[in-house]
Amino acid sequence: MRMSTPAVLATLALAACTPAAVTTTQDRPAAADRAAPIETALTPEQVAAATAITRAPAPRAAARASAAQMDTTTAEQKAAAAQAPQAAETRLGTTIASLGDPTEGGFWIKTPLVSARGIGRIVNPANGKSAKVDLIPLDGPASGGSQVSLPALQLIGVSLTDLPTIEVFRS
């Protein structure tokens, strides 16, 4: 097949604009992390209920304009995540929180305070607001900072540009 010079130039221009490795939400390590076993004292029914609250789909690529458009959690999930704990919790410690990847949906915290996935809660001591979250291990020293999902930060009343100290609990 023989291409004209304009067609060749157009093809080369398009190829130059396309990233060599496009990462989709299905390719992200977080998807593999979510299949990892969860370390918790909760019953399987309680884990299923918590998972229904903390998990949400990634935002559509076209919606990546504002924080409100990036938050794919439902009003019901937000209300359930904000409820007081119904099971005993263990305080893991405090951490400096920053906004994690806003394209990963749901309520979660990636923190060096845990070594295995689990279900837990984060609390903003400045206002007492809390959110039920997935606990995801993050490499680093226990004194290192943590990454928190956009909806979880909003639920505990933290500006997305702040670096607050928050408390972390395991259910």
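Everything in this summary refers to the structure shown in the same document. The shown structure was predicted, so the numbers you read here are calculated from the model rather than taken from an experiment.

### Looking at the nonpolar core
Then comes step 1: Core analysis: the largest hydrophobic core is formed by 20 residues, its most contacted members being Ile-109, Ile-122, Val-133, Val-148, Ile-156 and Ile-166.
Then comes step 2: Elements represented by at least two residues in this core include exactly α5 (75–82), β4 (130–137), α6 (150–155) and β6 (165–170).
Then comes step 3: Contact partners of Val-133, with chain neighbours within four places excluded, come to Thr-54, Phe-107, Trp-108, Ile-109, Gly-118, Ile-119, Gly-120, Arg-121, Ile-122 and Ala-152.

### Some details on the sheet that holds strand β2 (residues 108–111)
Then comes step 1: Ordered in space as β1-β5-β2-β4-β3-β6, the 6 strands form a closed barrel in which the pairing is mixed. Each adjacent strand pair in this sheet contributes to an overall mean axis angle of 40 degrees, direction not counted.
Then comes step 2: In terms of strand pairing, β2 meets β4 through 4 bridges, oriented parallel. Counted as the bridge partner of Lys-110 is Ile-136 from β4.

### Some remarks on the environment of Val-168
Then comes step 1: Its place among the elements puts Val-168 in strand β6.
Then comes step 2: For Val-168 and Ser-130, which are 38 residues apart along the polypeptide, the C-alpha to C-alpha distance reads 9.7 Å.
Then comes step 3: Contacts of Val-168, omitting those with residues within four sequence positions, involve Thr-90, Arg-91, Leu-92, Gly-93, Thr-95, Ile-109, Leu-113, Arg-121, Ile-122 and Leu-135.

### Details of the side chain of Arg-170
Then comes step 1: Secondary-structure assignment places Arg-170 in strand β6.
Then comes step 2: Separated by 3.4 Å, the side chain of Arg-170 and the backbone oxygen of Ala-116 make a polar contact.

### Overview of the pattern of salt bridges
When their charged atoms lie close together, side chains carrying opposite charge are able to pair.
Then comes step 1: The tally for this structure, following the rule as stated, stands at 5 salt bridges.
Then comes step 2: Notably, a salt bridge pairs Lys-78 with Asp-71, separated by 3.0 Å at the nearest N-O pair.
Then comes step 3: A relative accessible area of 12% means that Asp-71 is categorised as buried.
Then comes step 4: Between Arg-117 and Asp-134 there is a salt bridge; the shortest N-O distance is 3.7 Å. Separated by 17 residues along the polypeptide, Arg-117 in the loop between β2 and β3 (118–123) and Asp-134 in strand β4 bring together distant segments of the chain. In this pair, the class of Arg-117 matches that of Asp-134, namely buried.

### Some points on the layout of surface pockets
Then comes step 1: Of the voids in this model, the largest pocket is the one considered here, and its volume is about 260 Å³.
Then comes step 2: Contributing to the lining of the largest pocket are 17 residues, with Gln-46, Ala-50, Gln-86, Ala-87 and Lys-132 lying nearest its centre.
Then comes step 3: Of the residues forming the lining of the largest pocket, the biggest block, 4 residues, is contributed by helix α3 (residues 44–54).
Then comes step 4: The residue inventory of the lining of the largest pocket, partitioned by class, reads 9 nonpolar, 5 polar and 3 charged.

### A look at the environment of Phe-107
Then comes step 1: Structurally, Phe-107 is set in the loop between β1 (90–99) and β2.
Then comes step 2: Considered as a pair, Phe-107 and Ala-81 are 26 residues apart in the sequence and their alpha carbons are 8.1 Å apart.

### Here's the deal with the side chain of Lys-110
Then comes step 1: One can find Lys-110 in strand β2.
Then comes step 2: Side-chain polar atoms of Lys-110 contact the side chain of Glu-104, separated by 3.2 Å.
Then comes step 3: Excluding residues within four positions of it along the chain, Lys-110 makes contact with Glu-104, Ile-136, Leu-138, Ser-146 and Gln-147.

The rules we used
- Residues numbered from 1 in each chain as written.
- Predicted model: local features only at pLDDT ≥ 70, side-chain atom pairs only at ≥ 80, totals over all residues.
- Heavy atoms only, no water.
- Core = buried A, V, L, I, M, F, W, Y, C linked by side-chain atoms within 4.5 Å.
- Buried < 20%, exposed > 50% of the residue type's maximum accessible area, 1.4 Å probe, protein only.
- Helix = DSSP H or I, 4+ residues; strand = E, 2+ residues; numbered from the N terminus.
- Contact = heavy atoms within 4.5 Å.
- Pairing = 2+ DSSP bridges.
- Axes fitted to C-alpha atoms, helices over the stretch in contact; angles between N-to-C directions.
- Polar contact = N/O pair within 3.5 Å; in protein donor to acceptor, adjacent residues only side chain to side chain.
- Salt bridge = Lys/Arg side-chain N within 4 Å of Asp/Glu carboxyl O.
- 1 Å grid on protein atoms, 1.4 Å probe; cavity = no way out; pocket = protein on both sides within 12 Å on 5 of 7 lines; lining within 4 Å.
- Points joined across faces, edges and corners; volume = space filled by probe spheres on them.
- Nonpolar A, V, L, I, M, F, W, Y, C, P; charged D, E, K, R; others polar.

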